[in-house]
Amino acid sequence: MEPVLLSLFLDPATLPRIVQVCSGVYFQGSIYELSGSEVCLSTGDLVKIIGLELLSVCCEDIATNTTFELPMEHSGLFKLVPEEFPYNTIEEMVGLQPVGVDACGSFIFVSRNELIIENFTVSAGTEITLLSVEALEDGKTYARCQLMGQQGVSAEVFIPFSCHGEFYECENERGYSLQEIMLSDRLCKRRFRKTKSKKCGGPLIFTPIYQVQGIMHMRKNIVKFPSSLEVDVIDVTEQCKDLTFVTPLSMAEVVTQPKEAFPTMAEILEEPVANRFFCSSWFSELQKGKNLVLHKYINDTPLVLACTPKGRKAQQYFLILSEYGGQMRRRAREFSSVYELYVAFSRSPGLKVSVTRHCEAVEEEGVPALSVGEQLEVLKLQTVDVAEGESGSTQKVESLICRRIMEDEDEDDDDDDDEVNQDGMTKDTCLPLFTEANFVETISDKKKYCLAELGKNFSLPLEVKVASRDKTLEKDPLAGLTALKLEEALSETMVLASLPGRPEQCFALPINWLQMSLSFTSDPLPWADGQNPQPHLETVIEVTDHFYHEYHRSTQSNMAPPPRPPKRKQASQKNPKSRAKAKADTANPKTNKLTENLDSLSLSCTKSTENRRAPPPVPSEVSVSLHLIFNSEN
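The notes below deal with the structure included here. Small disclaimer: the values here were computed from a predicted structure and weren't measured.

## Topic: the overall build of the chain
Alright, step 1. A count of helices and strands for the chain gives 12 helices and 36 strands.
Alright, step 2. In the chain, 68% of the contacts between residues at least 6 apart in sequence involve partners at least 24 apart.
Alright, step 3. Surface summary for the chain: the accessible area is close to 38,600 Å², and the carbon and sulfur share equals 50%.

## Regarding the packing of aromatic side chains
Alright, step 1. All chains considered together, the criterion is met by 19 aromatic pairs.
Alright, step 2. Measuring from ring centre to ring centre gives 5.9 Å for Phe262 and Phe520, while their planes differ by 80 degrees; the resulting arrangement is edge-to-face. Of the two residues, Phe262 is situated in the loop between helix H4 (251-254) and strand S21 (264-270) and Phe520 in strand S34 (residues 517-521); the sequence distance between them amounts to 258 residues.
Alright, step 3. The ring of Tyr168 carries the charged tip of Arg112 above its face, separated from the ring centre by 4.3 Å.
Alright, step 4. Sitting over the ring of Tyr297, Lys259 keeps its end group 4.1 Å from the ring centre.

## Observations concerning the pairing of strand S6 (residues 66-71)
Alright, step 1. Pairing geometry for strand S5 (residues 46-61) and S6, over 6 bridges, is antiparallel. By the bridge assignment for S6, Glu60 is matched with Thr67.
Alright, step 2. Connecting S5 to the next strand, S6, in antiparallel fashion are 4 residues, including Asn65 with a positive phi near 60 degrees.

## Details of the environment of Thr383
Alright, step 1. Within the element layout of this structure, Thr383 appears in strand S27 (residues 375-387).
Alright, step 2. Between the C-alpha atom of Thr383 and that of Val397, which follows or precedes it by 14 residues, the distance is 5.5 Å.
Alright, step 3. Discounting chain neighbours no more than four positions away, the residues touching Thr383 are Lys396, Val397 and Glu398.
Alright, step 4. At 2.8 Å, the side chain of Thr383 forms a polar contact with the side chain of Glu398.

Conventions and cut-offs
Every chain is numbered independently, its residues counted from 1 as its sequence is written. This being a predicted model, a pLDDT of at least 70 is required before a residue's local features are given, and a value of 80 or more before pairs of side-chain atoms are given or counted; all residues contribute to the totals for chains, interfaces and linings. Side-chain calculation: all heavy atoms of the structure are included, whereas hydrogens and water are not. We count a stretch as a helix when DSSP gives it H or I for four or more residues in a row; a strand needs E for two or more, and each element gets its number in order from the N terminus. By definition, residues are in contact when any of their heavy atoms lie within 4.5 Å. Here the open area of atoms and residues is found with the Shrake-Rupley method and a 1.4 Å probe, where only the protein chains shown may cover a residue. Note on aromatic contacts: the rings of Phe and Tyr and the six-membered ring of Trp form a pair at centre separations within 6.5 Å, being stacked when their planes are under 30 degrees apart, edge-to-face when over 60 apart, and tilted otherwise. The rule is short: NZ of Lys or CZ of Arg within 6 Å of the ring centre and within 35 degrees of the ring normal puts a charge over the ring. The criterion for strand pairing is that DSSP finds at least two bridges linking the strands in question. Two N or O atoms form a polar contact when they lie within 3.5 Å of each other; inside protein one atom must be a possible hydrogen donor and the other a possible acceptor, and for residues adjacent in sequence the pair counts only when both atoms belong to side chains.

Next comes the structure, spelled out in structure tokens:
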């Protein structure tokens, strides 16, 4: 078979076809960049052409022997150029010019000779319009035609296909768009002229320019290249009809395969570029050329994103499958502000905490005193009015309403404390959200929970500790951790895979986080027919900090950031008297000078500092008394 130019070989009706590259500009693996696609066609390459997409049209002017390209959206119209050779029969004319929707009423011809059809005579030179082809009751095929008289009167006549004569096509003024021409088997093979051309150009021949879509061995994607490239090919479809082309599949394409295709063997064609997301041991096995057993895929696999608390050791991050078989106990959470307490309460009402650091009262801000060990139960968020010093004005402050829980004391003490109720609880306490205080959650629950029970009975985030490991795992990475924070529930589409040497030890591959390509192979599965092994799934996937931050970045990109906790007011804004005093001091230079002198004094500025010790600190009782005296004087 002689090689032909690729553009002359293409016919959408004959696909798919297999061609072999013979010669052309693609020798020795030259690479061409075409519209963002790199294509390498070497002599001897096999290409299975599976699709054609019409891109544009190459126009050749026969008179000037020039070519130019027009897009498919070209708005100009073109009219047919009549063929110069005669047709000998009606059948020959219709056979060479197929009649379709595009030809109805547009194909006009004349006869050089007089035609006698039954009792009807058609004069030589009369224009005849071909309307359709019909088979009548006598079993013969006729061309249904229309004749136009001298006074505009029309008549229809049926001319048999066997009618002989000398027939010529006539020129008509109908215009065709580029889309109509290229989508018609009749028109795309004809010559045309521009209908509104200012210059008298020659006839035009239209050649379609396709984007060829093909499959080649060991190519990641379907190759695409324009048909206008000069490359010679031969058709080897019959010789290579049993040839199997390797079809690369991305992880997203693997899960689009029918479920009947699993389990199957697969070969890794392209391994993940870098270990950016996973720390699990199976990741190192994902190497180019290695085989995997693909058992099945599961859509929307439930997972929990977890991490270890911040501390001296580097944080670890995990994806935990819902099938995790370990047992967990709830762990008390720690809070460093009332605002953090409010956030936790909004997610899980009924929160009880214990104070872990003493907090002094600030009456001007409405902050009560808190002592280490005090027990609080969070009730609600409420806006309260707080008095601003001696001015008598009030300001509204967002506060967390809590109830102090008192431990059982002697009956005598209970009688002396008027604030303690019979239920052992005091009146409500208001904690402004801006208060900086330290708390730890009070938990009396010692029950062990599985992961599914925690997700059902509690809201995330939740701090836990693994009490008993997952015995189905050879090594449970969660068992030795002092604490674990279950942050968020999510779902991912997973492919369950295993290594051929250990087909029962399965691991889950998250398709959205693995950029790799596979190809299904016909290799036999590593077990006897009908003896599928019972898979043991690795239920914990250790991920990197990059995965952790990338996940949060992708899921929270459209969410508003959390509100900032309220801030304390500046000291100058708390008491209007202090603002007035500061303003008066600024206006009085003597006062400013005196203040500077007082500020310069220290314990070292004495008449003689030798062999003198600093005075002892004032006892707390005296300090409180002095404080009361100064306040009474003011």
